[in-house]
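Structural features, examined
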Amino acid sequence: MKIEVKMVPKQVKISSRQLLILTILFTIGTAILVIPSVMAATAKQDAWIGALVGVGAGLGGPAAVLYDVGNFLTTQMMP
């Protein structure tokens, strides 16, 4: 029985699209997990309201920034 070992390349490069997807998934995951828990700890009894506001702020904030960056790139970089 012969075992074949495959060598992994020393440097692995990711494309810009893969970096974009990783960044988006990290941002959404952080927004869903971290922000509502902090707001719920502060709100105590009305934690469900804090959780809803936290999800809205966590998803709305980065979405607004990405929208502004997209508008800037299309108006300034590509006239």
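1. Regarding the overall build of the chain
The secondary structure content of the chain amounts to 2 helices and 0 strands. Residues classed as buried in the chain amount to 6% of the 79 residues present. Split by element, the accessible area of the chain, about 7,200 Å² in all, is 71% carbon and sulfur.

2. Notes on the environment of P62
Among the secondary structure elements, P62 is positioned in helix α2 (residues 47–77). What makes P62 partly exposed here is its relative accessible area of 28%. A C-alpha to C-alpha distance of 9.3 Å links P62 and A31, two positions 31 residues apart in sequence. Excluding residues within four positions of it along the chain, P62 makes contact with T27 and A57.

3. Quick look at the layout of surface pockets
Taken as a whole, the largest pocket encloses approximately 200 Å³ of empty space. Forming the walls of the largest pocket are L20, T23, I24, T27, I28, G58, L59, P62, A63, V65 and L66. Contributions of two or more residues to the lining of the largest pocket are made by α1 (16–43) and α2. With 6 residues, α2 is the largest single contributor of residues to the lining of the largest pocket. Residues that form the lining of the largest pocket fall into these classes: 8 nonpolar, 3 polar and no charged.

4. As for a nonpolar patch on the surface
A surface patch of nonpolar side chains, about 750 Å² in accessible area, is lined by L20, I24, I28, I32, L33, V34, V38, V55 and L59. Breaking the nonpolar patch down by element, the ones donating at least two residues are α1 and α2. Per-element tally for the nonpolar patch: the top contributor is α1, with 7 residues. Assignment of secondary structure puts I24 in helix α1. Classification of I24 as partly exposed rests on a relative accessible area of 36%.

Analysis parameters
Residues numbered from 1 in each chain as written. Predicted model: local features only at pLDDT ≥ 70, side-chain atom pairs only at ≥ 80, totals over all residues. Heavy atoms only, no water. Helix = DSSP H or I, 4+ residues; strand = E, 2+ residues; numbered from the N terminus. Buried < 20%, exposed > 50% of the residue type's maximum accessible area, 1.4 Å probe, protein only. Areas by Shrake-Rupley, 256 points an atom, 1.4 Å probe, with all protein chains shown as cover. Contact = heavy atoms within 4.5 Å. 1 Å grid on protein atoms, 1.4 Å probe; cavity = no way out; pocket = protein on both sides within 12 Å on 5 of 7 lines; lining within 4 Å. Points joined across faces, edges and corners; volume = space filled by probe spheres on them. Nonpolar A, V, L, I, M, F, W, Y, C, P; charged D, E, K, R; others polar. Patch = residues over 30% accessible without salt bridge, like charges linked within 9 Å, V, L, I, M, F, W, Y side chains within 5 Å. Salt bridge = Lys/Arg side-chain N within 4 Å of Asp/Glu carboxyl O.

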